[in-house]
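# Commentary on secondary and tertiary structure
Here is how the chains run, residue by residue.
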There are 2 protein chains.
Amino acid sequence: MAGQAANADMVLGIGDDCAILRIPPASDLLVTTDLCVEDVHFRRAWHPARSIGHRCLTRGLSDIAAMGGEPVACFLSLGLPPDLSRKWLTGFLQGLIKLAREFKVPLAGGDTSAAPKITADIVVVGKVPSGQALLRSGARPGDGIFVTGALGGSAATLQRLYNGEKLRASAGDRHFYPVPRLEIGRRLREKKLANAAIDLSDGLSVDLRHICEESGVTSLVEAGALPIAAHAGLHHALHGGEDYELLFTAPKGTPMPSSIAGVPVTRIGEILRRSARKPSTTGIVQLRDAAGQEQPLQPAGWEHFRKI
Amino acid sequence: MAGQAANADMVLGIGDDCAILRIPPASDLLVTTDLCVEDVHFRRAWHPARSIGHRCLTRGLSDIAAMGGEPVACFLSLGLPPDLSRKWLTGFLQGLIKLAREFKVPLAGGDTSAAPKITADIVVVGKVPSGQALLRSGARPGDGIFVTGALGGSAATLQRLYNGEKLRASAGDRHFYPVPRLEIGRRLREKKLANAAIDLSDGLSVDLRHICEESGVTSLVEAGALPIAAHAGLHHALHGGEDYELLFTAPKGTPMPSSIAGVPVTRIGEILRRSARKPSTTGIVQLRDAAGQEQPLQPAGWEHFRKI
């Protein structure tokens, strides 16, 4: 894997029984794994190989970003159909390595096997100063709820693909080439701008629910406040996944900038006490529309769109 | 995953974007990933679900053992066919968790997806005192070559399965329930009994070659010295994989015990200079038979047996 990113934290990469990493003192270690399977997470007919490689790594890096961490190394286990072309594999690895270099994350190991469908398990190891990781469990009643960037863009593109449109996978389309919000996650942690954080991989209705459940709180989202991506609708913004933006909460009075690292930050709602709402399964996330009407936001999420 | 192993190094397990681990100061971090795919690495008709879960984790733990490390946590990405029974999955996880508890390795995270065949990627994170990991690259001319336990047993069982024999997966059969040699790896490191080490996952002819290539040396194996497992033949011992014994080298004069942690240790040959042999692809590992005849040991390895 000539020319790939090097990293001061990597002592030994590919070629032994294990990779060896050296994490700085007073750091906690972050580990995340994400499995991508052909015809579940992508289609060869829809997604260029480079986009698939890029998307795989983004899934892992985005988890590190959501913890306020910095990536140290990545690992790739790859199941490949025997008839897969060398060209496809080269494109896939180019997409992955290009993103890895951009964020200085060496590919430090992995495994390969034959498999009936392309199967890629990406593991990302990261670091964060001890005890400072942003957790899902830190949201408190009164916190504002914020998101980075715009929502629903990836789902809107996916819907067009379902509808049979032939789309060119442009570099700027976050469906094909989503950029993990690592710099934003790091700044949220360093400047103590977030009580809790998660990345929007499954969709707002699912991911906000995770924060509420882990934090023992409920939440109210203002439909009118949502930053909806161009060409996307409210439904995409509420339930579409794979935007890889960050969703986070911050105490009232936190001097929240209107943008971080050049990406807009938008307040979309508020964290409420669990006792102020019915602690039922459906009521944990409420949506308030423009007319002031509230209703439970059912967790539909990404799966809702994904019937590949 | 109630009742699973806990570990002082795990700060946060399943349930957030990443797991959080805390590695002791002055430790290096070890990471290994191993991909197991149905009908490539196992067959549902041959291997009980518990055995498959056990074997998956052993692959990862054995890599940590080969570095002289101690496991900290494991991660499992699991692709599952939609029609897979709950019973199978329970058995698989029971097999994996039982072994994980035995070695105090918490299952700290992972991912799941639909997949056409059962696909399990196991990631094991370990630790080792800084700079003390046993590498493949440390073998030096004059070193003795040693193996733990007996060789070829797993391949001999696999061959019987190929031959159509119905075998009961007994707990003592290293094909079905291989035990990673973690205690031996740790002692080799602590007592400075090894220059280089690797685990025998692919077979002696392949794995010894890895040591020679990484160390820039050649080697001579005495066929008559090989500890061949019961019911196995020389061919199994030379080329059969999945024994998960350790193969290591030690300088002449090292006071090598005849057993470590209750497992026999056997000297099977010697590391030689590269210049003393043709540095050709075939001559890097030589085999000497009982009559004193030498010939190159071709790297056949595990794949040789595995035509599932």
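None of the values given here were measured: they were computed from a predicted structure. (Residues numbered from 1 in each chain as written. Chains lettered and ligands numbered in written order. Predicted model: local features only at pLDDT ≥ 70, side-chain atom pairs only at ≥ 80, totals over all residues.)

Check the secondary structure of chain A and you find six helices and 14 strands. Relative to a compact globule of 308 residues, whose C-alpha radius of gyration would be 19 Å, chain A shows 20 Å and is just as compact. Seen through its principal axes, chain A has C-alpha atoms that stretch 55 × 50 × 35 Å. Counting over 308 residues, chain A shows a buried share of 55%. Within chain A, contacts between residues at least 6 apart in sequence are counted, and of these 86% link residues at least 24 apart. (Helix = DSSP H or I, 4+ residues; strand = E, 2+ residues; numbered from the N terminus. Rg over C-alpha atoms; globule rule 2.2 N^0.38 Å. Buried ≥ 20, exposed ≤ 12 C-beta atoms within 10 Å, placed from the backbone. Contact = placed C-beta atoms within 7 Å.)

On to the interface of chain A and chain B, then. Across the boundary between the two partners, chain A contributes 50 residues, which contact 50 residues of chain B. Where the side of chain A that touches chain B is concerned, the elements lending two or more residues are strand S2 (19-21), strand S3 (27-37), helix H1 (49-66), strand S4 (70-80), strand S5 (107-114), strand S6 (119-129) and strand S8 (196-199) of chain A. At nine residues, S3 of chain A tops the list of elements feeding residues into the side of chain A that touches chain B. In terms of residue class, the side of chain A that touches chain B is made up of 26 nonpolar, 12 polar and 12 charged. Of the pairings in the sheet, the one linking S3 of chain A to strand S2 (residues 19-21) of chain B comprises three bridges and is antiparallel in character. Across the sheet, Leu 30 of chain A pairs through a bridge with Ile 20 of chain B, a residue of S2 of chain B. (Nonpolar A, V, L, I, M, F, W, Y, C, P; charged D, E, K, R; others polar. Pairing = 2+ DSSP bridges.)

So, about the pairing of strand S6 (residues 119-129) of chain B. All names here are of chain B. Counting buried positions over the 11 residues of S6 gives 10, a clear majority of the element. Bridge count for strand S3 (residues 27-37) against S6 is 11 bridges, and the pairing is antiparallel. Paired with Cys 36 across the strands is Ala 120, a residue of S6. Relative to S6, strand S4 (residues 70-80) runs antiparallel, the two being bridged by nine bridges. Its bridge partner lying in S6, Leu 78 is registered against Ala 120.

What follows deals with helix H2 (residues 86-102) of chain B. Residue and element names in this part refer to chain B. Taking 1.5 Å per residue, 17 residues should reach 24 Å; H2 reaches 24 Å between its end C-alpha atoms and fits that length. Residues of H2 that are buried make contact with helix H1 (49-66), S4 and strand S5 (107-114). Two residues or fewer past H2, Lys 104 is found with a positive phi of approximately 55 degrees. (Expected span 1.5 Å × (residues − 1).)

On to the nonpolar core, then. Grouped together as the largest cluster of nonpolar side chains are 181 residues, with contacts concentrated most on Val 31 and Cys 74 of chain A together with Val 31 and Cys 74 of chain B. Not counting the four nearest positions on each side in its chain, Val 31 of chain A is found in contact with Val 123 and Val 125 of chain A together with Cys 18, Ala 19, Leu 21, Phe 75, Ala 108, Gly 109 and Val 125 of chain B. (Core = buried A, V, L, I, M, F, W, Y, C linked by C-beta atoms within 7 Å.)

Our focus in this paragraph is the sheet that holds S6 of chain B. Reading across the sheet, the six strands line up as S1(A)-S2(A)-S3(B)-S6(B)-S4(B)-S5(B) and stay open at both edges, with mixed pairing between neighbours. At either end of the open sheet lies a strand with only one pairing partner, and these are strand S1 (10-12) of chain A together with S5 of chain B. Averaged over all pairs of adjacent strands, the angle between strand axes in this sheet comes to 20 degrees, irrespective of strand direction. One ladder, built from seven bridges, connects S4 of chain B with S5 of chain B; its direction is parallel. (Axes fitted to C-alpha atoms, helices over the stretch in contact; angles between N-to-C directions.)

Further remarks concern the domain arrangement of chain A. All names here are of chain A. Its domain assignment divides chain A into domain 1 (10-129) and domain 2 (136-304). On a C-alpha basis, the centres of domain 1 and domain 2 stand 25 Å from each other. Across the contact, 20 residues belong to domain 1 and 19 residues belong to domain 2. At the level of elements, H1 and S4 are the ones that each hand at least two residues to the side of domain 1 that touches domain 2. It is H1 that contributes the most residues to the side of domain 1 that touches domain 2, 11 residues altogether. Within the side of domain 1 that touches domain 2, the residues separate by chemical class into nine nonpolar, seven polar and four charged. (Domains from an automatic or database assignment.)

The strand order across the open sheet formed by six strands is S5(A)-S4(A)-S6(A)-S3(A)-S2(B)-S1(B), and the pairing between neighbours is mixed. Both edges of this open sheet fall to S5 of chain A together with strand S1 (10-12) of chain B, since each of them pairs with a single strand only. On average, each strand axis in the sheet is inclined to that of its neighbour by 20 degrees, with strand direction left out of account. Contacts between H1 of chain A and the sheet are confined to S3, S4 and S6 of chain A, with S6 of chain A contributing the most and set at about 25 degrees to the helix.

Moving on, we come to the packing of H1 of chain B against H2 of chain B. All names here are of chain B. As a packed pair, H1 and H2 sit with axes 6 Å apart at the nearest point and diverge in direction by 40 degrees. By the angle class used here, H1 and H2 are oblique. The two elements H1 and H2 meet at a crossing, and its hand is right-handed. Taken together, the residues of H2 that come into contact with H1 (itself represented by Ala 49, Arg 50, Ser 51, Ile 52, Gly 53, His 54, Cys 56, Leu 57 and Thr 58) are Trp 88, Gly 91, Phe 92, Leu 93, Gln 94, Gly 95, Leu 96, Leu 99 and Ala 100. Of the residues assigned to the contact of H1 with H2, the class counts are 10 nonpolar, seven polar and one charged. (Parallel < 35°, antiparallel > 145°, perpendicular 65-115°, else oblique. Left-handed = near helix turned anticlockwise from the far one by under 90°.)

Moving on to the relation of the copies chain A and chain B. Two chain copies, one operation linking them: a rotation about an axis together with a shift along it. For the pair chain A and chain B, the relating rotation is 180 degrees, the translation along its axis is 0.0 Å, and the fit reaches an RMSD of 0.0 Å. Here the two chains are linked by the operation of a two-fold rotation axis. Among all residues of chain A, the minimum C-alpha distance to the rotation axis is found for Pro 25 of chain A, at 3.1 Å. Counting the interface residues of chain A, we find that 100% of their copies in chain B are interface residues as well, pointing to one common contact surface. (Least-squares fit on C-alpha atoms with pLDDT ≥ 70 in both.)

With that out of the way, let us pick up the confidence of the model for chain A. Confidence in the prediction of chain A, expressed as mean pLDDT, is 92, and 92% of residues score 70 or more. Prediction confidence for the complex, expressed as pTM and ipTM, is 0.93 and 0.92 respectively. (pLDDT = per-residue confidence, 0-100.)

Quick look at unusual backbone geometry now. All names here are of chain A. Within the chain, Tyr 244 stands out as a residue other than glycine whose phi angle is a positive 55 degrees. Checked against the element boundaries, Tyr 244 lands in the loop between helix H6 (234-239) and strand S10 (246-250). Although it is not a glycine, Ala 261 adopts a positive phi angle of roughly 55 degrees. Mapped onto the elements, Ala 261 comes out in the loop between strand S11 (259-260) and strand S12 (263-272). Classification of Ala 261 as partly exposed rests on a count of 14 C-beta atoms within 10 Å.

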